[in-house]
Amino acid sequence: MSIIKTETTEALIERGFEFFAKHFPDVEKPDKLGIGPGRVNLIGEHTDYNDGFVLPMALPMVTIMLGRANNSDTCRVVTACNDFDEIEDSNKTEFKIPTVKPLYVGTPKWANYVKGVIACFQSIIVGFDAVILSSVPLGGGLSSSASLEVATYSFIEAITGNKTIQLVQKAMVCQKAEHMFAGVPCGIMDQFISVMGIEGHALLIDCKSLQYEPVPLTESNYVFLITNSNVHHELSSSQYQLRRYQCEEASDLLNVQSLRFATMENLNKVHLNGKMNEIIYKRARHVITEIERTKTAADVLKRGDYKSFGELMNASHNSLRDDFEVSCTELDQLVELARKVPGVLGSRMTGGGFGGCTVTLVDQAAVNSVVSAISSEYKGSPKFYIVSPSCGAKIVKL
């Protein structure tokens, strides 16, 4: 099993022009482009909707929306990403601009992300023809959904000429679209890093204040290896929402606004008094300790202490597995296999859980050993990617 070379954005755009010509043969070639990257969260999982801290980086894997205005009141979109939805669902969608007919949730499901962004965009929309292509693995916990939302928003900015100056507002509109049209009560992290990503840096994001701090990732001897378990999940499943409810219950029992403001001392006190059951206690313990791990992780990375960062990654996975219980057999196996290889500093699941990807911090010289060990012993069909911290969304007039 070899490492997959990510398709370059330039190659994706070139393929997009061909795809557009195939599906819109009577239309002039595209003149506008929106780009939204995927992301990997290095540490800080299930902390964003608890007002905590996260430490993601934008990926070189991106979603693009490519097209042009069509001087009508109709929007026509075709996706090359068949895996956005079930096979029986269409890869095409057509709808009127919101000023002509309000947009509603419907099928195909991937189109809800597009319609959601358009419905929430704070300007008059014009009709357009567009195609969507992506190099972000779908359903893998690398935020293909946020990359689609951000690519759509960026494309709409391009065709309307109405560019959002406040980038945080752009991220919040994309988050609102996912809440309203995809039914996923996600935190702000995915959209935030897709919009705000900085090349060569992770971002330490305060999910309450929405302030952020770039954290340089300059150590060339170590790389981040993403391993896709190819076990797919759906974030809008009941388990994700259940975790949110459990965190809210914990906050209520602790009499705090959110678990951001809770302490282990208070948590242990309430638990010992018999006011909190074991499950809620474990959920809160993960969030409280994960917030602290994330802040510490940013500090050690600034000092170039990658060994300590790897240890924090390991502790994070163990907490997600044992306390928050969002890992699964496949992710645990991938993490355990990676950790056994000399040169691996840390490995953890990343994303919402119940499948998706792991992220491993590994000495560049040991990458092939990790790939070999996992390929020979993992029971599934893994895919491997070496990734570097990349820039955020782009708006392009072609």
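Quick notes on the rules
Residues numbered from 1 in each chain as written. Predicted model: local features only at pLDDT ≥ 70, side-chain atom pairs only at ≥ 80, totals over all residues. Heavy atoms only, no water. UniProt positions renumbered as here; feature names shortened; annotations may be inferred. pLDDT = per-residue confidence, 0-100. Contact = heavy atoms within 4.5 Å. Helix = DSSP H or I, 4+ residues; strand = E, 2+ residues; numbered from the N terminus. Polar contact = N/O pair within 3.5 Å; in protein donor to acceptor, adjacent residues only side chain to side chain. Buried < 20%, exposed > 50% of the residue type's maximum accessible area, 1.4 Å probe, protein only. Pairing = 2+ DSSP bridges. Core = buried A, V, L, I, M, F, W, Y, C linked by side-chain atoms within 4.5 Å. Axes fitted to C-alpha atoms, helices over the stretch in contact; angles between N-to-C directions. Parallel < 35°, antiparallel > 145°, perpendicular 65-115°, else oblique. Left-handed = near helix turned anticlockwise from the far one by under 90°.

- An unreviewed UniProt entry lists the protein chain under the name Galactokinase, from Aphis gossypii.
- What the UniProt record of the protein chain gives under Sequence similarities (unreviewed entry) is the line "Belongs to the GHMP kinase family. GalK subfamily."

### Digging into the confidence of the model for the protein chain
Part 1 of the argument: Within the protein chain, residue pLDDT values average 94, and 96% of them lie at 70 or more.
Part 2 of the argument: Note on residues 84–88: pLDDT under 50 across the span, and ten contacts to partners over four residues away in sequence or across chains.

### Here's the deal with the side chain of Ser194
Part 1 of the argument: By secondary structure assignment, the location of Ser194 is in helix α5 (residues 189–196).
Part 2 of the argument: A distance of 2.8 Å separates the side chain of Ser194 from the backbone oxygen of Pro37, its partner in a polar contact.
Part 3 of the argument: Filtering out sequence-adjacent residues up to four positions away, Ser194 remains in contact with Gly36, Pro37, Ala146, Ser147, Val150, Gly392 and Ala393.

### Remarks on the pairing of strand β10 (residues 357–363)
Side-chain positions along a regular strand alternate between the two faces of the sheet.
Part 1 of the argument: For β10, the buried fraction is high: six of the seven residues fall into the buried class.
Part 2 of the argument: Two strands pair when backbone bridges link them, and strand β8 (residues 222–228) and β10 are joined in this way by seven bridges, in the antiparallel orientation. The residue bridging Thr227 from the neighbouring strand is Thr358, located in β10.
Part 3 of the argument: As paired strands, strand β9 (residues 344–350) and β10 are joined by six bridges and run antiparallel to one another. Following the sheet pairing, Gly346 is matched in β10 by Leu361.
Part 4 of the argument: Connecting β9 to the next strand, β10, in antiparallel fashion are six residues, including Gly351 with a positive phi near 95°.

### A closer look at the nonpolar core
Part 1 of the argument: If you look at the biggest cluster of nonpolar residues, it comprises 55 residues, and the most contacted ones within it are Leu42, Leu55, Met57, Phe224 and Phe309.
Part 2 of the argument: In terms of residue count, the dominant contributor to this core is helix α8 (residues 278–302) (ten residues).
Part 3 of the argument: When neighbours within four sequence positions are excluded, Leu55 is seen to be in contact with Asn41, Leu42, Ile43, Ala202, Leu203, Leu204, Val215, Thr294, Ala297, Ala298, Leu301 and Phe309.
Part 4 of the argument: Counting residues in hydrophobic clusters, the runner-up holds 43 residues, among them Cys81, Val114, Phe128 and Ile205.

### Structural notes on the packing of helix α2 (residues 110–120) against helix α3 (residues 144–160)
Part 1 of the argument: At a minimum axis separation of 9 Å, α2 and α3 run at an interaxial angle of 45°. Of the possible angle classes, the one that applies to α2 and α3 is oblique. Relative to α3, α2 is oriented so that their crossing is right-handed. Here Trp110, Tyr113, Val114, Val117 and Ile118 of α2 lie close against α3, whose contacting residues are Ser145, Leu148, Glu149, Thr152, Tyr153 and Ile156.

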